[in-house]
Amino acid sequence: MSDTKVYLLDGGTLVIDGFHAFWNRGPGGELRFPCYAVLIEHADGLYIFDTGYDHAHVMDVLPFEKPLQTPEQTIPGALAKIGKKPSDINYVINSHYHFDHCGGNKYLTEACTVCHSKELEACECFQPFEALGYSDLSFDSDLEAKRDAKAGKTPAEPPLDIYTPKYETVTGDQEIAKGLWLFETPGHTAGHYSLMVELANRRPMLFTADACYSQKNMDLMCISSFHLDPVASLQSMVKLKEIAEKHDAEMFYSHDPDSFGSYLQAPGFYS
Ligand SMILES: [Zn+2]
């Protein structure tokens, strides 16, 4: 059995204001930050943790986030760089369903989708202030059709012909495959998960996802302004620190312009 490998797939960049990245703290002004997906080559199959954003969707719905993404930074493009194709992926794990974490799901038509049961519920029933976050439901055409019907929108013409994935919803902290751990880190959204990957030759990698955008957020214990519950968000950051300490894990942040350059990116890999 070969060792687990982890590839970071660069997904391009977006812009938000500094006051959103560092809630009630700032400083304000444009902050351009990276998005990426995590591919895990595991004895049980190919897993992908989050799938970045869809450029056309962002231009359509949130053009003020100024997406910069090359064809190599899409899920099909990034997979091609390491000799894989979307249909090779066996499992998609979504930390949560904000548009910058599920934009590439629609390409992964053979995969089983793993997420927190509360997060799937949130896609259908979110708070009004979460509408832009949950704006890309293209990973599930049934869900998208339901939401459009609720909003009184006429169905897309020609009809959306994507697919409805097979889900495996989970709750609680779980080892979903040998050395792949999901830790509940709610607050940013209702059913947010962070992922820890144990590897043979290095410290475990702890992918915070949006429970913590960057090292600076962690150093300041400052959450982002995009959250369902600020107190739970902060508790999740404390939990991540405790997990990292307990397992001697290295944290990899979701949107860290300062750290991202030091992360090894595909075709390089961690093992
Ligand atoms: Zn995000």
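Residues numbered from 1 in each chain as written. Predicted model: local features only at pLDDT ≥ 70, side-chain atom pairs only at ≥ 80, totals over all residues. Heavy atoms only, no water.

## Side note on the overall build of the protein chain
Helix and strand content of the protein chain: eight helices and eleven strands. Relative to the 2.2 N^0.38 estimate, which gives 18 Å for 271 residues, the radius of gyration of the protein chain is 17 Å and therefore close to what a compact globule would have. Seen through its C-alpha atoms, the protein chain measures out along the principal axes to roughly 55 × 45 × 35 Å. Looking at the protein chain as a whole, 53% of its 271 residues are labelled buried. Carbon and sulfur atoms provide 53% of the accessible area of the protein chain, an area that totals close to 12,000 Å². Looking at charge distribution, the protein chain has the averaged site of its 21 positive side-chain charges lying 3 Å from that of its 39 negative ones. (Helix = DSSP H or I, 4+ residues; strand = E, 2+ residues; numbered from the N terminus. Rg over C-alpha atoms; globule rule 2.2 N^0.38 Å. Buried < 20%, exposed > 50% of the residue type's maximum accessible area, 1.4 Å probe, protein only. Areas by Shrake-Rupley, 256 points an atom, 1.4 Å probe, with all protein chains shown as cover. Lys, Arg positive; Asp, Glu negative; His and termini not counted. Charge placed at Lys NZ, Arg CZ, Asp CG, Glu CD.)

## Some remarks on the layout of surface pockets
Roughly 450 Å³ of volume is contained in the largest pocket. Lining the largest pocket we find 23 residues, and of these Glu65, Phe99, Leu132, Gly133 and Phe226 sit closest to its centre. Elements supplying a minimum of two residues to the lining of the largest pocket: strand E1 (5-17) and helix H4 (99-102). A total of three residues in the lining of the largest pocket trace back to one element, the largest contributor, which is E1. A per-class count over the lining of the largest pocket returns eleven nonpolar, seven polar and five charged. Of the volumes computed, that of the second largest pocket is approximately 260 Å³. What lines the second largest pocket is a set of 15 residues, among which His57, Asp60, Val61, Ser135 and Glu144 lie closest to the centre. (1 Å grid on protein atoms, 1.4 Å probe; cavity = no way out; pocket = protein on both sides within 12 Å on 5 of 7 lines; lining within 4 Å. Points joined across faces, edges and corners; volume = space filled by probe spheres on them. Nonpolar A, V, L, I, M, F, W, Y, C, P; charged D, E, K, R; others polar.)

## Let's talk about the state of the cysteines
When the sulfur atoms of two cysteines share a covalent bond, that bond is a disulfide. Taken as a whole and judged by the stated rule, the model has zero disulfides. The cysteine Cys212 is free of any disulfide, with Cys222 supplying the nearest cysteine sulfur at 9.4 Å. (Disulfide = S-S within 2.5 Å.)

## Observations regarding unusual backbone geometry
Each neighbour pair has its own omega, and for Gly26 with Pro27 the value is 5 degrees, a cis peptide bond. Secondary-structure assignment places Pro27 in the loop between helix H1 (18-21) and strand E2 (30-42). The residue after Ala266, namely Pro267, is reached through a cis peptide bond having omega 10 degrees. Turning to its location among the elements, Pro267 is positioned in the segment after strand E11 (250-253). Of note, Met221 is a non-glycine position whose phi angle comes to about 50 degrees, a positive value. Examined against the element boundaries, Met221 turns out to sit in the loop between helix H7 (215-220) and helix H8 (230-247). The exposure class of Met221 is partly exposed, given its relative accessible area of 27%.

## Quick look at the pattern of salt bridges
A complete count under the given rule lists ten salt bridges for this structure. Of the charged contacts in the structure, one is a salt bridge between Asp54 and Lys106, with a shortest N-O distance of 2.9 Å. Within this pair, whereas Asp54 is found in the loop between strand E3 (45-49) and helix H2 (55-61), its partner Lys106 is found in the loop between H4 and strand E5 (112-116), the two being separated by 52 residues in sequence. On the accessibility criterion, Lys106 (21% relative accessible area) is partly exposed. (Salt bridge = Lys/Arg side-chain N within 4 Å of Asp/Glu carboxyl O.)

## Topic: the sheet that holds E1
Taking strand neighbours across the sheet as the criterion, the six strands line up as E1-E2-E3-E4-E5-E6 in an open arrangement whose pairing is mixed. Strands at the two margins of the open sheet, each flanked by one partner only, are E1 and strand E6 (166-170). Between one strand axis and the next, the sheet turns by 20 degrees as a mean value, whatever way the strands run. Where E5 and E6 come together, five bridges link them in parallel fashion. The residue bridging Thr113 from the neighbouring strand is Tyr167, located in E6. Each of E5 and E6 touches helix H5 (residues 117-124); the most contacted strand, E5, lies at about 90 degrees to it. (Pairing = 2+ DSSP bridges. Axes fitted to C-alpha atoms, helices over the stretch in contact; angles between N-to-C directions. Contact = heavy atoms within 4.5 Å.)

## Details of the packing of aromatic side chains
Inspection of the entire model under this criterion finds eleven aromatic pairs. With 6.0 Å between their ring centres and 80 degrees between their planes, Phe260 and Tyr263 make a pair best called edge-to-face. Each member of the pair Phe260 and Tyr263 is classed as buried. By way of ring pairs, the aromatic residues Tyr36, Phe207, Phe252, Phe260, Tyr263 and Tyr270 are connected into one cluster. Over the face of the ring belonging to Phe269 we find Lys5, whose NZ or CZ atom lies 4.8 Å from the ring centre. (Phe/Tyr/Trp six-rings, centres within 6.5 Å; stacked < 30°, edge-to-face > 60°. Lys NZ or Arg CZ within 6 Å of the ring centre and 35° of its normal.)

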